[in-house]
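# Inside the fold
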Amino acid sequence: MVPAPGEPPSFDSADVLKKAREHVLLIIDTNEVRSQYLARLLTLAGLRAIITSTSYQAFDRFLKEHFVPRLILLGQQEETTGPIFTRLLQRLNHEIQRDVPVMPLSFIYLPDGLLLSAEDTISNTMHCISPPNSLILRRIWQFLPSAQIPLKTAEHTMVLESLPKLGFKPRVARSRRSFSSHMHLELKAARQVIPADQWNTLLTDVGLAQFCKEEQWPPEVDQFTIPPQYFSLLMRAVMFSAPTQPLRQVYRWAGQVEADTLQKAIFLFLMQQIPKVIGADRTMRTLLTILANEVDSRRGEKLTEWKRFDDGSFVFVFYSNIFAYSVMGAEQPLCMPWQYSFDLMLRLVKQERQWEIREVECSAQTHTGHCVFLISPRKS
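Everything in this summary refers to the structure shown in the same document.

What counts, and at which threshold
- Residues numbered from 1 in each chain as written.
- Predicted model: local features only at pLDDT ≥ 70, side-chain atom pairs only at ≥ 80, totals over all residues.
- Heavy atoms only, no water.
- Helix = DSSP H or I, 4+ residues; strand = E, 2+ residues; numbered from the N terminus.
- Contact = heavy atoms within 4.5 Å.
- Phe/Tyr/Trp six-rings, centres within 6.5 Å; stacked < 30°, edge-to-face > 60°.
- Buried < 20%, exposed > 50% of the residue type's maximum accessible area, 1.4 Å probe, protein only.
- Lys NZ or Arg CZ within 6 Å of the ring centre and 35° of its normal.
- Core = buried A, V, L, I, M, F, W, Y, C linked by side-chain atoms within 4.5 Å.
- Expected span 1.5 Å × (residues − 1).
- Arc of directions from axis to C-beta.

Considering the arrangement of structural elements, one finds N321 in the loop between β10 (314–318) and α12 (336–348). Other than its neighbours up to four places away in sequence, N321 contacts C335, W338, G369 and C371.

Here is the structure:
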């Protein structure tokens, strides 16, 4: 069954945030740089961080949001002697009938908030796991063993094993920067779908506090200034804003972005005329070329690759994929923004009944950094 316009493909997304719901971590830290790095690391490891700077702020959020932290990460040890922190612990212990462990942050060193990144000096074919940041996760897992994820690349992946035999050439991003104008569009779209009363807290909780105020957004210019993991973090904020339907929310967010890009009048006219002239197969080749050129221009290097096979199907690969750049431990593919782009292109050319497009390998599960989509002709 073909999805209706504006609707995501029909698959169950109820458990996409299951790990995050079950593993909420409260951070109380006046060191904003450290707390934001930590927020990024925890978010990209599939957990849910609640970021506060004082015990008073933490208690206030607890009363308003009724979250249940499994662990408290404390930046300043003197907080433990304050009456508000003591009251918070007492209230938590009373409500959940168990002690909430407290882990000090004074000993940790976070060089950044990345868990998985492109390091071409180490590997030019796949992303690498950060040793210092993985050590911090392991310390946290001592308190929360159920939050563990494999800190390694999957042994057998399409993008590193089978696709190279078919002529694909895996690669990682060299510049590790993307267009500031693209991030501006993504933030503008996120502002449309994230409720206003959640905007500041959610962006802070995922490690993007610098973008809470619109005047601090990246400029709408084509400059390579944005770390690619920011897109993955923003996607998580969008998911947290609708925890019962996170993938549908991401799909809505992608629709707001593409409303400002792909659906320009000239492009729309062009796409509607193509199938009448060149047929379904060449139409798909044209669409994939357009998408690849758009993505590569935003990244400043060739980070997409596609091929057609003898059976009429196509494979499209996003290398160092911005929407799963550092995400690890997912239970299913997460690249709904790209899924929306594919679906939109099919609708524009009235080809949605001719083709089926789905993500068949996601870095959020394999940890390679790369994601693969299969485009297949629909059977009559």
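The next thing to look at is the packing of aromatic side chains. Going through the model one piece at a time under the given rule, you end up with 17 aromatic pairs. Ring plane angle 35° and centroid distance 6.4 Å describe the contact between F59 and F62, whose orientation is recorded as tilted. You can see F59 and its partner F62 sitting in helix α3 (residues 55–65), three residues apart, about one turn around the helix. Per residue, the accessibility class of F59 equals that of F62, and both read buried. Lying across the ring of W199, R191 places its NZ or CZ 4.8 Å from the centre.

Residues I194, L203, W253, L334 and F342 are the most contacted members of the largest nonpolar core, which totals 66 residues. Top contributing element to this core by residue count: helix α9 (residues 229–240), with nine residues. Here I194 is in contact with W199, L202, L203, A237, V238 and S241, once residues within four sequence places are set aside. In terms of nonpolar packing, the next biggest core, distinct from the first, is built from 27 residues, I136, L144, I149 and M328 among them.

Between its first and last C-alpha, helix α5 (residues 131–143) extends 19 Å over 13 residues, near the 18 Å set by a 1.5 Å rise per residue. Regarding α5, the residues found buried are N133, S134, I136, L137, I140 and W141. The buried residues of α5 all sit within an arc of 155° when viewed along its axis, so they share a single face. When the buried face of α5 is taken as reference, the exposed residues oriented beyond 90 degrees from it are P131, L135 and Q142.

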